[in-house]
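Close look at the chain arrangement
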Amino acid sequence: MKLYVARSAEEWNRLTAQIVREVIEAKPDAVLGLATGNTPIGMYKELVRMYKAGEIDFSRVRTFNLDEYLGIDPGHPASFISFMKQHLFDHVNIDPDRMHIPKANPDDPEAEAAAYRELLRTYGPCDLQVLGIGTNGHIGFNEPGTSFDSVTSVVELHESTRKANAPAFGGDPANVPARAITVGISEIMTAKKILLLATGAGKADIMKAALEGEVTEQVPASVLQRHDDVVVVCDEAAASRLELPRSER
Ligand code: PGA
């Protein structure tokens, strides 16, 4: 596991986007696993800047988003497809036929999860999986207690997650969908490389538990200790409790 600690938001954005760019440079038809949330917004901003400057070409890239809420209109501003359009898809040359994200309002959620699992099996594994981390240790929407053997499925969100995500739904956790489709932990672990992102003091305790604590299904992100190519990019606040050696680049 490699840990980089950025000294500023600009450096964090540059570093994270650079790691994505290097994967695409090495393999122009790379399969990228993408994450939503507040954390990766600056990374996407820098990727869009790189694209506009002619420094990166997404034309042959394939993307798989990690998760999507269930039971909301895909056009809802808080859906993950809306997020991806706003922050990346509408601004770069990813082929729409190669952008994959579970449907937010499928007629049959179980069938949608099964179809997404099959798509991942067909085109995966991801060359790079980008991951955020929940304050409860979730990766994707794999909440504490999820089996490390889990595959893409329909899941229930924990109250802590609905509370954390409430700002995008007018502030009331009751407005946050109760269910989602998420890529499973076993599939996340098949990625060739994992880029784990964390910023802010609110992530310091969970980063300590996930990266330096016991590997346990109660802390889903702790499974990453078993992956042999994880790059962690934090700011000082999120890294403040970590004792792992820091890398420079
Ligand atoms: P955040 O979400 O980036 O908004 O903190 C991370 C997550 O819940 O995975």
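Quick summary incoming for the structure in this document. (Residues numbered from 1 in each chain as written. Predicted model: local features only at pLDDT ≥ 70, side-chain atom pairs only at ≥ 80, totals over all residues. Heavy atoms only, no water.)

Let's shift gears to the sheet that holds strand β4 (residues 67–69). With antiparallel pairing, the three strands of this open sheet are ordered in space as β4-β8-β7. Looking at the sheet topology across the chains shown, the edges are occupied by β4 and β7 (153–156). Here the average twist between neighbouring strands, direction ignored, is 30°. Two elements, β7 and strand β8 (residues 179–182), share four bridges in a ladder whose sense is antiparallel. Bridging across to β8, E156 finds its partner in R179. (Pairing = 2+ DSSP bridges. Helix = DSSP H or I, 4+ residues; strand = E, 2+ residues; numbered from the N terminus. Axes fitted to C-alpha atoms, helices over the stretch in contact; angles between N-to-C directions.)

Right, let's talk about the pairing of strand β2 (residues 31–34) for a bit. For a regular strand, side-chain orientation follows a simple rule: the groups alternate between the two sheet faces. Side chains of β2 alternate between two faces, with V31 and G33 and L32 and L34 buried alike. Pairing between β2 and strand β3 (residues 62–65): four bridges, direction parallel. The residue of β3 that forms the bridge with L34 is N65. With respect to chirality, the unit in which β2 leads through helix α2 (residues 41–52) into the neighbouring parallel β3 is right-handed. Looking at chain direction, β2 and strand β6 (residues 128–131) are connected through two bridges and run parallel. (Buried < 20%, exposed > 50% of the residue type's maximum accessible area, 1.4 Å probe, protein only. Right-handed = clockwise from strand over helix to strand, strands pointing away.)

Tracing the backbone through its elements, the reader meets H87 in helix α3 (residues 80–89). The buried category is assigned to H87, whose relative accessible area is 16%. Excluding its chain neighbours within four sequence positions, the residues that come into contact with H87 are I41, Y44 and V48. (Contact = heavy atoms within 4.5 Å.)

This next bit is on the sheet that holds β6. In spatial order, the strands read β1-β10-β9-β6-β2-β3-β5; together these seven strands make up an open sheet with parallel pairing. Two strands lie at the open edges of the sheet, namely β1 (2–6) and β5 (99–100), each paired on one side alone. Of the strand pairs in this sheet, β3 and β5 are connected by two bridges, and their pairing is parallel. The residue bridging F64 from the neighbouring strand is H100, located in β5. In the packing of helix α1 (residues 9–26) onto the sheet, the strands contacted are β1, β2, β6, β9 (193–198) and β10 (230–235), and the crossing angle to β9 comes to about 165°.

Our next topic: the side chain of T161. Positionally, T161 belongs in helix α5 (residues 159–164). Residue T161 is classed as buried on the basis of its relative accessible area of 2%. Reaching out from T161, the side chain makes a polar contact with the side chain of E143 at a distance of 2.6 Å. Setting aside its immediate chain neighbours within four residues, T161 contacts N136, H138, F141 and E143. (Polar contact = N/O pair within 3.5 Å; in protein donor to acceptor, adjacent residues only side chain to side chain.)

Take the pattern of salt bridges next. Inspection of every chain in the model, using the stated rule, returns 18 salt bridges. For E22, the salt bridge goes to R249, with nearest N and O atoms at 2.6 Å. Of this pair, E22 sits in helix α1 while R249 sits in the segment after α8 (236–239), placing them 227 residues apart in sequence. Given the relative accessible area of 49%, R249 is considered partly exposed. When the shortest N-O distance is used, the salt bridge between R246 and E236 registers 3.2 Å. (Salt bridge = Lys/Arg side-chain N within 4 Å of Asp/Glu carboxyl O.)

Turning our attention to the environment of N105. Examined against the element boundaries, N105 turns out to sit in the loop between β5 and α4 (109–123). In this structure, the C-alpha to C-alpha distance between N105 and D73, residues 32 residues apart in sequence, is 6.2 Å. Aside from chain neighbours lying at most four places away, what touches N105 is I72 and P74.

Turning our attention to the nonpolar core. One broad rule of soluble globular proteins: the nonpolar side chains tend to lie buried together. M43, L47, L88 and L195 are the most contacted members of the largest nonpolar core, which totals 81 residues. When residues in this core are grouped by element, the largest group, seven residues, is from α1. (Core = buried A, V, L, I, M, F, W, Y, C linked by side-chain atoms within 4.5 Å.)

Geometric descriptors of this kind do not, in isolation, establish any biological role.
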